Amino acid sequence: VLGVFGGGGWLGGLEGAVTGRWVGFTINLAWLIPSLILKYPNYRSLFYEIHEDEVVMHAGVITRRVTHVPLRMITNLEIRRDPFDRLFKLGTINIQTAGSNEYTGAKESLVGLRNFKEIYDRLTSAIKRTLTCSHQKVEDPIPIDDEMLKSLLEEVKKLRYLLEHHPPNTPN
C-alpha cells in the first residue's frame, strides 16, 4: 500500500515517475501512429468543385459524402492554418452559411488545400458575382388583364365550392 501512495517501491519515487512517463509515451504513440496513417487516405479522398452557383465537396474513405453549399447561402469565409498545415504548406477554408453561427462552427470546411489563397479569392469573387446578380432589377412583371383575373376568380370559386361540399377525408 505504501508503494502505491509513495515511499518507494511500485510506482513510487523516481522509478514510478519513469514508468508513468513510459506508459504515457506508449499511449500517445498508440494513438498518434494510427491517426497519422489514416490521415493520408482521408486527405486523398477530398475533392472540391467550385461552380457558378455552389461549392460541392466530396469526402470519405469508407463512407462517401457529397455536400452542396449554394454560394448565395455563404455568409463568411475563414482561412485556418494550424502548425501541421503550415509544416506541409496547406490551408483550410471554413465556410459559414446562413444557418451556422459562432457556436455551431463552420458549416463546411475545405481542408488540405495547397492553393488555399487562390481558392479563397475564387470563392470570394464567385460570391460577389452571385450577390450582384441576385440584386439586379427584375424586369417589369407580366401585365395582368381583366380576362385573366376573371379566370383566376372562377377557379378560386370552384375550389371553394369543392372544399365546402366535399371536405377531405379526415381520420377519426
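Right above here is the structure, for reference.
These remarks concern the structure in this document. (Residues numbered from 1 in each chain as written. Predicted model: local features only at pLDDT ≥ 70, side-chain atom pairs only at ≥ 80, totals over all residues. Heavy atoms only, no water.)

## A closer look at the sheet that holds strand E3 (residues 65-70)
Quick note on the threshold: When DSSP finds at least two bridges between two strands, those strands are taken to pair. Working definition: helices are DSSP H or I runs of at least four residues, strands are E runs of at least two. Numbering for both runs from the N terminus. Angles here are taken between N-to-C directions and fall from 0 to 180 degrees, while the axes themselves are lines fitted to C-alpha atoms, restricted in helices to the stretch in contact.
Read across the open sheet, the three strands follow the order E1-E2-E3; overall the sheet is antiparallel. Whereas interior strands pair on both sides, the edge strands pair on one side only; in this sheet they are strand E1 (47-50) and E3. Neighbour-to-neighbour, the strand axes of the sheet open up by a mean angle of 15 degrees, direction not taken into account. Two strands pair when backbone bridges link them, and E1 and strand E2 (residues 54-59) are joined in this way by four bridges, in the antiparallel orientation.

## Topic: the pattern of salt bridges
Our working definition: A side-chain nitrogen of Lys or Arg and a carboxyl oxygen of Asp or Glu constitute a salt bridge if their distance falls within 4 Å.
Counted by the stated rule, this structure contains two salt bridges. Between Glu-108 and Arg-65 there is a salt bridge whose closest N-O contact spans 3.6 Å. Taken together, the residues span a long stretch of sequence, with Glu-108 in strand E6 (residues 108-113) and Arg-65 in strand E3 at a distance of 43 residues. For Arg-80, the salt bridge goes to Glu-78, with nearest N and O atoms at 3.3 Å.

## Thoughts on the sheet that holds strand E5 (residues 91-97)
Spatial strand order, E4-E5-E6: three strands in an open sheet with antiparallel pairing. Every other strand in the sheet has two partners, leaving strand E4 (74-80) and E6 as the edge strands with one partner each. For this sheet, the mean inter-axis angle between neighbouring strands, taken without regard to orientation, is 15 degrees. Inspection of the sheet shows E5 paired to E6 by four bridges, in the antiparallel sense. Note that in E6 the partner of Ile-93 across the bridge is Leu-110.

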